Amino acid sequence: MSILPYRPEFANESPYGAPQLDVPVCLNVNENPYPPSPELIADISRGVAAAAAGLNRYPDRDFMELREDLSAFLERESHVHVDPANIWAANGSNEVMLHVLQAFAGPGRTVVSFAPTYSMYSEYARDVSATWVAGARTDSFELDLDEVRSVLERERPGVVLLTSPNNPTGTALPQEQLIEILDIARHTGPEPGQASLVVIDEAYVEFRRDGVSSALELLSDYPYMAVSRTMSKAFGAAGLRLGYLAAAKEVIDQLTIVRLPYHLSALTQAAARACLAHSDQLADQIAKIREDRDSLVEELGALGLKTVPSDSNFVMFGTFADRHAVWQGILDRGVLIREVGPEGWLRVCIGTPQENAAFVAALKEVI
Ligand SMILES: Cc1ncc(COP(=O)(O)O)c(C=O)c1O
């Protein structure tokens, strides 16, 4: 019996985290494999040095310049104008999502998603003492509208989390389905007359295939929808810790209530603005990663393996009677991928062409 006043609900919990192993090829956490260019590194250094000169002062707690830059980026990337006042940001989309749940879930409220999906969501729900409910996806990992309707009408969630493209499956949510889900969610909030807040987690959306749209296009029609994004994936800035969200002003106002004072450091804001100023250079990199993803899907198919259609920078493949043995065999050959998702499947992230080749070579040996 410990002297510490442990919270009983945390008794069997352990910290979340993909293994961080020192291996030659890391394809396990869906990062962009290309490091920042020397020009970007120089600009980050200049921006951070200028911010450091004022480090005796607290940062701009409303991060207005960063919001303007994020707004300009969204306009370029998705051709949707989102006013800077409709943008929120925090230390990774992990923190953005925690703010959302602190503001709209909490004790007595329910958070709903559809499994398999990003494994952190249940932990955010736990951390705000909300009830977590995961409905099911179809056998091809898509959303089923009857299931969505029945779970939302039964649970009356404060927040619904939909990931598009989904992690770990890579599956995007078609716009027509999203519209139907939004129509359902209009009436399923915790109290009569309230909607559920529907959050579309678009962490990987920049990798979507042609013809797949962003939920941002619907933002102005649905005040109870929010779209979350991150600079950790396509932006190649996972180490920066900058996630952001677009939503109605009323949503942003609630997030402002729960955020810690000055949660975004002046250094983070400066580095993020430097990265955003270079975002035009990302297009070629993203195109290359998408091309390499599609080639990898073909190679996996040629090996007789199943893959799930991916709009992301990773591919779920399988199935294996003993996936752990396959994962371990690949790791023994110096390539770390992720043992995650439904039984029998594994997930690999797209690396450089050399890393992808190392993965395929290791996989061939193992199977
Ligand atoms: C679906 C999804 N959302 C959010 C995140 C977290 O991103 P961030 O680095 O912005 O906290 C991840 C990271 O893997 C993810 O897969």
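Residues numbered from 1 in each chain as written. Predicted model: local features only at pLDDT ≥ 70, side-chain atom pairs only at ≥ 80, totals over all residues. Heavy atoms only, no water.

Asks: What is the right way to look at the site of the ligand in this model?
Replies: Around the ligand, 13 residues are found, and the nearest of them are S93, D201, Y204, T230 and S232. Between the ligand and S93, the relevant distance is 2.7 Å, taken from an oxygen atom to a main-chain nitrogen or oxygen of the residue. Contact between the ligand and Y204: an oxygen atom at 2.7 Å from a side-chain N or O atom of the residue. For the ligand, the protein covers 92% of the area, taking 400 Å² as the surface of the free molecule. (Near = heavy atom within 4 Å. Polar contact = N/O pair within 3.5 Å; in protein donor to acceptor, adjacent residues only side chain to side chain. Areas by Shrake-Rupley, 256 points an atom, 1.4 Å probe, with all protein chains shown as cover.)

Asks: Just to check I follow, could you spell out the UniProt feature "modified residue: N6-(pyridoxal phosphate)lysine" (unreviewed entry) in the protein for this structure?
Replies: Residues annotated by UniProt as "modified residue: N6-(pyridoxal phosphate)lysine" (unreviewed entry) correspond here to K233. Residue placement: K233 occurs in the loop between β7 (225-230) and β8 (243-247). In this view, K233 contacts V29, N30, N32, A203, Y204 and F207; residues no more than four positions away in its chain are not counted. (UniProt positions renumbered as here; feature names shortened; annotations may be inferred. Helix = DSSP H or I, 4+ residues; strand = E, 2+ residues; numbered from the N terminus. Contact = heavy atoms within 4.5 Å.)

Asks: Mind showing me how you'd approach the domain arrangement of the protein here?
Replies: By a widespread convention, an interface's size corresponds to the accessible area lost as its parts come together. Segmentation of the protein into domains returns domain 1 (19-36 + 282-366) and domain 2 (40-277). For domain 1 versus domain 2, the distance between C-alpha centres works out to 26 Å. Across the boundary between the two partners, domain 1 contributes 24 residues, which contact 24 residues of domain 2. Summed over both partners, the interface of domain 1 with domain 2 buries about 2100 Å², with 60% contributed by carbon and sulfur atoms. (Domains from an automatic or database assignment. Buried area = accessible area lost by both parts, 1.4 Å probe.)

Asks: What is the right way to read the UniProt feature "domain: Aminotransferase class I/classII large" (unreviewed entry) in the protein from this model?
Replies: What UniProt calls "domain: Aminotransferase class I/classII large" (unreviewed entry) maps, in this numbering, to residues 27-363. End C-alpha to end C-alpha, residues 27-363 measures 13 Å, and it is 41% helix and 15% strand.

Asks: Got a minute to help me understand the packing of helix α10 (residues 323-332) against helix α11 (residues 353-366) in this structure?
Replies: Describing two packed helices takes the angle between their axes plus the distance from one axis to the other. In contact at an axis separation of 9 Å, α10 and α11 are set at 125 degrees when each is read in the N-to-C sense. Viewed along their axes, α10 and α11 adopt a mutual orientation that is oblique. Crossing angle aside, the handedness with which α10 passes α11 is right-handed. Facing α10, whose interface residues are V326, G329 and I330, α11 presents F359, A362, L363 and V366. For the contact of α10 with α11, the class distribution of residues is 6 nonpolar, 1 polar and no charged. (Axes fitted to C-alpha atoms, helices over the stretch in contact; angles between N-to-C directions. Parallel < 35°, antiparallel > 145°, perpendicular 65-115°, else oblique. Left-handed = near helix turned anticlockwise from the far one by under 90°. Nonpolar A, V, L, I, M, F, W, Y, C, P; charged D, E, K, R; others polar.)

Asks: Help me out: how do you make sense of the side chain of Q177 in this one?
Replies: Secondary-structure assignment places Q177 in helix α6 (residues 175-185). On the basis of relative accessible area, Q177 is assigned to the buried category, the value being 17%. If sequence neighbours within four positions are ignored, Q177 has contacts with L143 and L145. (Buried < 20%, exposed > 50% of the residue type's maximum accessible area, 1.4 Å probe, protein only.)

Asks: Just to check I follow, could you spell out the sheet that holds strand β12 (residues 345-349) for this structure?
Replies: Strand pairing within a sheet occurs via backbone hydrogen bonds; the two strands may be parallel or antiparallel. Strand order in the open sheet formed by 3 strands is β9-β10-β12, with antiparallel pairing between adjacent strands. Edge positions in the open sheet fall to β9 (306-307) and β12, since each of these has one partner strand only. The sheet contact formed by β9 and strand β10 (residues 314-318) spans 2 bridges and is antiparallel. Considered in β10, the bridge of T307 is made with F317. Its contacts with the sheet put helix α9 (residues 282-302) on β9, β10 and β12, and the angle it makes with β10 is roughly 5 degrees. (Pairing = 2+ DSSP bridges.)

Asks: What am I meant to see in the sheet that holds strand β6 (residues 197-201) here?
Replies: Taken together, 7 strands build an open sheet; the order of strands is β2-β8-β7-β6-β5-β3-β4 and the sheet is mixed. The outermost strands of the open sheet, each flanked by one partner alone, are β2 (87-90) and β4 (131-136). Within the sheet, the average angular offset between the axes of one strand and its neighbour, ignoring direction, is 25 degrees. Relative to β6, strand β5 (residues 159-163) runs parallel, the two being bridged by 5 bridges. Following the sheet pairing, V159 is matched in β6 by L197. The strands that helix α2 (residues 64-78) touches are β2, β7 and β8; relative to β2, the one it contacts most, it runs at about 110 degrees. Sheet contacts for helix α4 (residues 120-127): β3 (110-115), β4, β5 and β6; angle to β4, the most-contacted strand, approximately 155 degrees.

Asks: It is not clear to me how the side chain of S312 should be interpreted in this structure. Could you clarify?
Replies: Examined against the element boundaries, S312 turns out to sit in the loop between β9 and β10. Sequence-distant contacts of S312, that is, excluding residues within four places in its chain, are made with P165, G170, Y204, F207 and R293.

Asks: What should I look at first to understand the pattern of salt bridges in this one?
Replies: Where charged atoms of side chains with opposite charge meet at close range, the side chains can pair. Under the defined criterion, the tally for this structure stands at 21 salt bridges. A salt bridge links D43 to R46; the shortest N-O distance between them is 2.5 Å. One end of the pair is D43 and the other is R46, both in helix α1 (residues 38-52) and 3 residues apart, which spans about a single turn. Among the residues examined, D43 registers a relative accessible area of 26% and is labelled partly exposed. (Salt bridge = Lys/Arg side-chain N within 4 Å of Asp/Glu carboxyl O.)

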